[in-house]
Amino acid sequence: MPMRLIDTHTHLDFEHFDADRHQVLTRCRQAGVERVVVLGVHAANWARVWQLACDEPTAYAALGLHPVFLQDHRPEHLDELRGWLARLRGEDKLCAIGEIGLDYYIENPDREAQHHWLDAQLALAAEFELPVLLHVRRAHAPVLALLKRHKLVRAGVAHAFSGSWEEAREYIRLGFRLGLGGAGTWPQAHRMHRVLQQLPLDSIVLETDAPDIAPASHPGMRNSPEHLPAICRTLAGLKGIAPEELAEASYRNSCELFGWKADARVSRPAAPRPPVPHR
Ligand SMILES: [Zn+2]
């Protein structure tokens, strides 16, 4: 039996997977990657992300407005997002709001606009009682300040976390998990290795961010949720625990976060659902 795993962060709707998306998900299932979360990044890809979640039994959708795609966002997209969330309320294939956050690492970030979008989407997360999947680069302090204000009951994940132990502890205090993936497999990621050793097991979820953040085993190549078992083995080694222990803990944490039953296996294809028309 392979270790059971959940990839909490992918962009499987991107064109990088157009040629073999279904085959990738089939191989994932055989490798023990039982569920894969696909995140929307701007209004134009929500329909595609949702359709993918409907078509593939192991794919789940999150919808959101990503800070790096700021130029694509329009004021009316917030109402559109609310419309999607209202229509999909109670659908088990909708699992979070994301990808949202602050990115102060990009060149000339418009901090005020990023702040506005994040603030508004955190309010939606509170309103719809959904967890949030956060993209945070060089902006942990302002993100944490906003999270303290919104007090989200279901919290969420600081994805691709590469901050300090102090920052990790702040997220954990707010009920958040830290998303770890390929970046930690690189030998030069010294601080991350130290933080990983300190992180309590119940705070970790695993992710690939496919097609981005390839692990050290596949430098410069397309990342894929198929690599999650290998990433889990490397990170467990760095933490000094058995891979099965990290797999089981992160699996349990992900299920708790998204409200999934930890022992329910996804094997049957889901009944076809009508697509939600994109406005
Ligand atoms: Zn992402």
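Rules used throughout
- Residues numbered from 1 in each chain as written.
- Predicted model: local features only at pLDDT ≥ 70, side-chain atom pairs only at ≥ 80, totals over all residues.
- Heavy atoms only, no water.
- Helix = DSSP H or I, 4+ residues; strand = E, 2+ residues; numbered from the N terminus.
- Core = buried A, V, L, I, M, F, W, Y, C linked by side-chain atoms within 4.5 Å.
- Buried < 20%, exposed > 50% of the residue type's maximum accessible area, 1.4 Å probe, protein only.
- Contact = heavy atoms within 4.5 Å.
- Pairing = 2+ DSSP bridges.
- Axes fitted to C-alpha atoms, helices over the stretch in contact; angles between N-to-C directions.
- Donors = N, O, S within 2.8 Å, 3.2 Å for Na, K, Ca; no water.
- Tetrahedral: all angles 85-135°; square planar, octahedral: opposite > 155°, others 65-115°.
- Parallel < 35°, antiparallel > 145°, perpendicular 65-115°, else oblique.
- Left-handed = near helix turned anticlockwise from the far one by under 90°.
- Phe/Tyr/Trp six-rings, centres within 6.5 Å; stacked < 30°, edge-to-face > 60°.
- Expected span 1.5 Å × (residues − 1).
- Arc of directions from axis to C-beta.

Engineer: Would you take a moment to explain the environment of K151 for this structure?
Structural biologist: As for its position among the elements, K151 is in the loop between helix 5 (140-150) and strand 6 (156-159). Along the chain, K151 and P225 lie 74 residues apart, while their C-alpha atoms are 31 Å from each other.

Engineer: Looking at this structure, I do not really get the nonpolar core. What am I missing?
Structural biologist: The nonpolar side chains of soluble globular proteins are, as a tendency, buried together. If you look at the biggest cluster of nonpolar residues, it comprises 71 residues, and the most contacted ones within it are V132, L134 and Y171. Take this core: its biggest share by element is seven residues, from helix 4 (residues 111-128). Aside from chain neighbours lying at most four places away, what touches L134 is I100, L118, V143, L147, V157, A158, H159, Y171 and F176.

Engineer: For this particular structure, what's the right way to read the sheet that holds strand 5 (residues 132-137)?
Structural biologist: Adjacent strands of a sheet pair through backbone hydrogen bonds, lying either parallel or antiparallel. The strand order 1-2-3-4-5-6-7-8 describes an open sheet built from eight strands, whose pairing is parallel. Of all the strands in the sheet, the pair left with one neighbour each is strand 1 (5-10) and strand 8 (204-206). Strand-to-strand twist in this sheet, taken as the mean axis angle between neighbours without regard to direction, amounts to 30°. Relative to strand 8, strand 7 (residues 177-180) is paired through three bridges, and the arrangement is parallel. In the sheet register, L178 faces strand 8, and the bridge partner there is I204.

Engineer: I keep staring at the coordination of the zinc ion and nothing clicks. Help me out?
Structural biologist: As a benchmark, a tetrahedral metal site with four donors has ideal angles of 109.5 degrees, while an octahedral site with six donors has ideal angles of 90 or 180 degrees. For the zinc ion, the protein coordination sphere consists of H9 (NE2), H11 (NE2), E99 (OE) and D209 (OD), at 2.1 to 2.8 Å. Geometry at the zinc ion is irregular, judged from its four donor atoms and the angles of 83 to 172° they form at the metal. Mapped onto the sequence, the residues coordinating the zinc ion show the spacing H-x1-H-x87-E-x109-D. In this pair, E99 sits in strand 4 (residues 94-103) while D209 sits in the loop between strand 8 and helix 8 (228-239), placing the two residues 110 residues apart along the sequence.

Engineer: Can you help me understand the packing of helix 3 (residues 76-87) against helix 4 in this one?
Structural biologist: Pairs of packed helices are described in terms of their axes, by the angle between the two and the distance that separates them. The geometry of helix 3 relative to helix 4 is characterised by a closest axis approach of 11 Å and an angle of 20° between their N-to-C directions. The orientation of helix 3 relative to helix 4 falls into the category roughly parallel. For the crossing formed where helix 3 meets helix 4, the hand is right-handed. The residues of helix 4 that touch helix 3, namely those facing L78, L81, R82, L85 and A86, are H116, W117, A120, Q121, L124, E127 and F128.

Engineer: What is the right way to look at the packing of aromatic side chains in this model?
Structural biologist: Here the distance between the centres and the angle between the planes together describe a pair of aromatic rings. Inspection of every chain in the model, using the stated rule, returns four aromatic pairs. Note on F161 and Y171: the rings are 6.0 Å apart at their centroids and 80° apart in plane angle, and the pair reads as edge-to-face. Of this pair, F161 sits in the loop between strand 6 and helix 6 (165-173) while Y171 is found in helix 6, placing the two residues ten residues apart along the sequence. No difference in accessibility class separates F161 from Y171, as the two residues are buried. With centroids separated by 4.8 Å and ring planes inclined at 35°, the aromatic side chains of F258 and W260 adopt a geometry described as tilted. A connected cluster of aromatic rings, assembled from ring pairs, spans Y60, F258 and W260.

Engineer: Would you explain helix 8 in this entry?
Structural biologist: What sets the pattern is the α-helix's 3.6 residues per turn: residues three or four places apart point alike. An ideal rise of 1.5 Å per residue puts 16 Å on twelve residues; helix 8 measures up with 16 Å between its terminal C-alpha atoms. Those residues of helix 8 lying buried are L228, P229, I231, C232, L235, A236 and K239. The buried side chains of helix 8 occupy one side of the element, clustering within an arc of 155° when seen end-on. Lining the buried residues of helix 8 we find strand 1, strand 2 (33-39), strand 7, helix 7 (190-198), strand 8 and helix 9 (243-258).

Engineer: Just checking my understanding: could you explain helix 2 (residues 46-55) for this structure?
Structural biologist: Taken together, the buried positions of helix 2 are W46, V49, W50, L52, A53 and C54. Here the buried face of helix 2 lies against helix 1 (21-30), strand 2, strand 3 (59-63), helix 3 and strand 4.

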